[in-house]
Amino acid sequence: MSRLPSLQNVLNATLKTVLRFPLEIITSIAGTVFAIVLNELDYNDPKQEFYQKALMSSSLCLVLFLSVSLFFIAAKKNNILRYITSIALGSLMVLFVFNFHERITEIEMQQFLVLNIALHLLVSFAGFLPRTYNQNEFWEFNKQLFLRILTSALYSIVLYSGLALAILAIDKLFKVEFYNHIYLHIFFIIAGVFNTTFFLNGVPETNNSENPLILNYPKGLKNFTQYVLLPLISLYLIILICYEAKILVTLSLPVGWVSYLVLVFAIFGILSFLLVHPIATETNNLWMRTFNRWFYFLLIPLLGLLFWAILYRINLYGFTHERYYVLLLSIWLSIVVGYFLISKHPKIKFIPISMCLAGLFSIAGPQSANYISKHSQLSRFESYMQKSNQKLTFEQEQDLSSIVSFLENNYGVESMVPYAKNKLEALLKKQKSPSYYEIMKSLGFEYRSPYDRKNDDDGSFYYYFYGNDDNTVENIHGQDFLFTLSNNTDFNCDKCTSIDGKAYSIKSKNTDYGLDLQINQDIIPLKINDFVTKNSVFRRNNNTNENVIQKIENSKYTITLNYISVNGKIEKEKKIISNYHIKVMVGIKK
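All values derive from a computational prediction rather than experimental measurement.

Caption draft 1: Spatial organisation of a nonpolar patch on the surface. On the surface, I241, W294, F297, L298, I300, L341 and I342 cluster together to form a nonpolar patch covering roughly 650 Å² of accessible area. Breaking the nonpolar patch down by element, the ones donating at least two residues are α10 (286-317) and α11 (321-342). Among the elements that make up the nonpolar patch, the one with the highest residue count is α10 (4 residues). Tracing the backbone shows F297 in helix α10. F297 gets classed as partly exposed once you look at its relative accessible area, which sits at 44%.

Caption draft 2: Representation of unusual backbone geometry. Phi angles above zero are rare outside glycine, and K495 is one such case at about 50 degrees. Inspection of the secondary structure assignment puts K495 in strand β3 (residues 492-499).

Caption draft 3: Quick peek at the pairing of strand β5 (residues 515-519). Burial of β5 is extensive: 4 of the 5 residues sit out of reach of the surface. Relative to β5, strand β4 (residues 502-510) runs antiparallel, the two sharing 5 bridges. Paired with K507 across the bridge in β5 is Q518. Counting the residues between successive antiparallel strands, the hairpin from β4 to β5 contains 4 residues, one of them, G514, with a positive phi of roughly 150 degrees. With 5 bridges joining them, β5 and strand β6 (residues 522-526) adopt antiparallel strand pairing. Bridge pairing in β6 places I519 opposite D522. Turn length for the β5-β6 hairpin, with the two strands adjacent in sequence and antiparallel, is 2 residues, and the turn residue N520 shows positive phi of about 55 degrees.

Caption draft 4: Molecular detail of the sheet that holds β5. An order of β3-β4-β5-β6 is seen for the 4 strands of this open sheet, with the pairing classed as antiparallel. On the outer flanks of this sheet lie β3 and β6, each paired with one strand and no other. Taken pair by pair, the neighbouring strands of this sheet meet at an average axis angle of 25 degrees, ignoring direction.

Caption draft 5: Here's a closer look at the packing of aromatic side chains. Here the structure, examined in full by the defined rule, presents 31 aromatic pairs. Seen in terms of ring centroids, F71 and F72 are 5.5 Å apart; in terms of plane orientation they differ by 80 degrees. Their pairing is edge-to-face. In this structure F71 comes out as partly exposed when scored by relative accessible area, which is 26%. By relative accessible area, which is 7% here, F72 ends up buried. The structure contains a cluster of three or more aromatic residues connected by ring pairs, namely Y236, F265, F273, F291, F295, Y296, Y339, F340 and F350. When the ring centre of F198 is taken as reference, the NZ or CZ atom of R148 above it lies at 4.2 Å. The ring of Y384 has K387 sitting right over it, with the charged end atom 5.2 Å from the ring centre.

Caption draft 6: Spatial organisation of the pairing of strand β10 (residues 574-588). The pairing of strand β2 (residues 481-486) with β10 spans 6 bridges and is antiparallel. For S486, the partnering residue across the bridge sits in β10 and is H581. Relative to β10, strand β9 (residues 557-571) runs antiparallel, the two sharing 14 bridges. If you follow T558 over to β10, its bridge partner there is G587. Linking β9 back to β10 in an antiparallel pair, the connection comprises 2 residues, with K572 at a positive phi of about 55 degrees.

How each quantity is defined
Residues numbered from 1 in each chain as written. Predicted model: local features only at pLDDT ≥ 70, side-chain atom pairs only at ≥ 80, totals over all residues. Heavy atoms only, no water. Patch = residues over 30% accessible without salt bridge, like charges linked within 9 Å, V, L, I, M, F, W, Y side chains within 5 Å. Areas by Shrake-Rupley, 256 points an atom, 1.4 Å probe, with all protein chains shown as cover. Salt bridge = Lys/Arg side-chain N within 4 Å of Asp/Glu carboxyl O. Helix = DSSP H or I, 4+ residues; strand = E, 2+ residues; numbered from the N terminus. Buried < 20%, exposed > 50% of the residue type's maximum accessible area, 1.4 Å probe, protein only. Pairing = 2+ DSSP bridges. Axes fitted to C-alpha atoms, helices over the stretch in contact; angles between N-to-C directions. Phe/Tyr/Trp six-rings, centres within 6.5 Å; stacked < 30°, edge-to-face > 60°. Lys NZ or Arg CZ within 6 Å of the ring centre and 35° of its normal.

In structure tokens form, the structure reads like this:
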């Protein structure tokens, strides 16, 4: 091994990392295995749920274990206690994830992401909790972590690209066939095992007297912050303050998404504040000293704009998860601003600690995003049900439709049953997962999508039956033959089917009222235009699983038209069809 000192160094560094962070390495290997197995499973494999949740648990446990390790290493306590604590807290993470639904909902994924962010923030300060706080050491520790993340990503990308090109070269030059998922599996191994191990090898200790953390401010970071980041932040600030001045002068309401702009500005501004903190008071850095002195004062009017925008939306439409988090971040930002303005010697660790606590605060309990959003929308739903004997305006129906879609998507139609005055039980007996349209119809109202407009007399209409599936078997009992019609081409089939020894030819011809369907010598008029004009289902942007059927009879045939899609224009309360796609079922009367 003496001939390969570099390899020896790599092995020694790897062994040192494994001994320093054993649970983290085991978790990264387990997560990689789960990812590979999950990739190999079929889409509908029942084991997919287990491996997906196991992978999510691994990602949470990895970050949690690192935080616990940094705390116990800084406290210089027994490793056995460290491992017991890690396993106990890790078990809670596993229980949290495996308590999700079989099909993980959007809300559960949101909870997972918030918890993941909170645990990553915990890494930034966990090693400083059991020791005397030093501002410069805290900044240097997080700088080294950040640079290590970037370095790990660079090494991983280069390594993966090189191995992928090597496999491709062997495949093309030597005709060696590899299994289909080899590239993806190599990616999982490098991202899961190599990247994690490489990163952990560079994690500094926070309480090591032999190798202390000494502030080293990179010149490149100073130039980037001073000449790129701060000017952009200043430009953004000018735009937002000018917009606030505009709404004050015109006495207009702020647009809904201005709250996101203010939050983005504030977060990037705080990031800039953290980046320049070690050199912000230097006398030769006038630009940075000015930013450091005035940043939090300039945030105060923007906080007013932020609260105005989000509270106005909450007052109108209640809480949703997105509005909850905007309000929570607004409150957190206000606390941060107040702390840095009031405190004579503010500590920058307050920022990640307070944000971590805010994230944990929002995940579970009666104050969580999920609980408050659910009960806010249920309360609004109940208030509409108390008006069930009244005729709602278009805007009220549209608002109720948005509430129904929110509750059905996130909590299921069952959540609405106790408030619906026995109007949904019959529907649930027929269907386990009814659509928004069917729910609103059972409640006695019409579903209005966010794209619907009050004056539908002018504009266009679109209908699509998404319950149509080419991969299903249809029951056409009582019918003799089935075919499809569209207005783009005339249907012409000579002797296309034979029933009881009699041949049938089928033709269609477009007319002013729809089309004429000719079966042998018999012509049956299909008045499609009048049917579409009179039927309210054919309206603006209506994607639905409500199946629209038109029946026509004469002395010889029963014809059933099953509408798949229709679109066109609306002029003077009359619908003018541009395109349609219809399944036609014909029954021969005996």
